[in-house]
Amino acid sequence: MTAAALHLRRALPLLGLLLLWEGVVVAGLVNPSFLPPAHQVVAAFCQLVSEGEIWRDLSISAYRALGGLVLGSAAGVVLGLLMATSRRANGFFGPLVAATYSLPKAALVPLFVLWFGVGDMTNMLTVFLSSLLPVVVNTYHGVKAVPPTLVWSARAFGTPFHRILARVLLPASAPHILTGVRIALGFSWVLTLSAEMIAAKSGIGKLVFQYGENGSYAYMFAGILAIVILAYAMDRLMVLLTGRLLRWHESSHAREAA
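Residues numbered from 1 in each chain as written. Predicted model: local features only at pLDDT ≥ 70, side-chain atom pairs only at ≥ 80, totals over all residues. Heavy atoms only, no water.

An unreviewed UniProt entry lists the protein under the name ABC transmembrane type-1 domain-containing protein, with Bordetella genomosp. 8 given as the organism. Listed under Sequence similarities (unreviewed entry) in UniProt, the entry text for the protein is "Belongs to the binding-protein-dependent transport system permease family." (UniProt positions renumbered as here; feature names shortened; annotations may be inferred.)

Right under this line is the structure:
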C-alpha cells in the first residue's frame, strides 16, 4: 500500500465523523446554537488561519507544551536510570512516583498560580510534571528489561559504569524511553490547554475558552480543530523520529505505529 493510500485510509474515519456531525445538525437532532454544523466550523477555521489570529496563540501553546515536555523528559530519563541502577534511589523515589503517578496534574494548577502567579512558569511546570512521570516509569522498566548478560559481559571486559550506561543500558532501553516520551507528548498538550484555561492570559486554550464564554461556538470548535491538527502532526513527527532512531532495533516498525 502506498503512503498516499495509507494516509487516505487513516483519514476516512475523520471524514465520516465530519459527515455524521453535519448530518446530525442539519437534521435538527442537535441545537445548532450549541453545536454548529461542520461546514461553519471549517469556515471559521479557514478565517482564523487566513487572518493570522490563531498563529500567535498556537505558537505560545506549542512553546509551553514542548518546553515542559523536553525538560520533563530529560529529568525523567535521568531519574528513571537512577532508580533502575540504584536500590537506594529506587527505595526513596519509587514511593513518590507511585503516589503521584495517578494524581490529576491539572489539580495542581491553582497551587502553582498561588506560588508562581499567572504565566509561562505555571503552565510549563504543570507540563513538566505530567511529562516527567511516564518517562520515569518507561525508562525504569526499559532498563530493568535489558538482558543481564549484556551488562555482565561489559563488566567482564572491565568497562566502566558510565560507558555501560551510555553504550548498553540507554541504547537497549531506547524503545521504552521513546514510548514514554510519546505518551508524555499527549499529556503535554492536555495539561497545557487545561492550565491555559485556568491560569493564562494567552495561548490557544485561553482563546478557545474565550470563544466559548462569548457564545462563538463555531470559532471555539475551530480552535479545537487547530489543536487537534497540530497535536496530530507532532505525534506523527514523534513516530517518524522514533523510527529513525530505532532503525537498528528490531522494533523499527514503530515508524508505522498508529
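We are not done yet, so read on.
1. Digging into the packing of aromatic side chains
Under the criterion given, the structure shown has six aromatic pairs. Look at Phe112 and Trp115: their rings are 6.3 Å apart centre to centre, the planes differ by 45 degrees, and that puts the pair in the tilted class. In this pair, Phe112 and Trp115 are both assigned in helix α5 (residues 109–116), three residues apart and thus about one turn of the helix distant. Given a relative accessible area of 6%, Phe112 falls into the buried group. In this structure Trp115 comes out as exposed when scored by relative accessible area, which is 55%. Members of the aromatic cluster, each reached through a chain of ring pairs, are Phe112, Trp115 and Phe116. (Phe/Tyr/Trp six-rings, centres within 6.5 Å; stacked < 30°, edge-to-face > 60°. Helix = DSSP H or I, 4+ residues; strand = E, 2+ residues; numbered from the N terminus. Buried < 20%, exposed > 50% of the residue type's maximum accessible area, 1.4 Å probe, protein only.)

2. Notes on the UniProt feature "domain: ABC transmembrane type-1" (unreviewed entry) in the protein
Here the UniProt-annotated "domain: ABC transmembrane type-1" (unreviewed entry) positions come out as residues 58–238. The span residues 58–238 shows a helical share of 86% and a strand share of 0%, and its end C-alpha atoms are spaced 19 Å apart.

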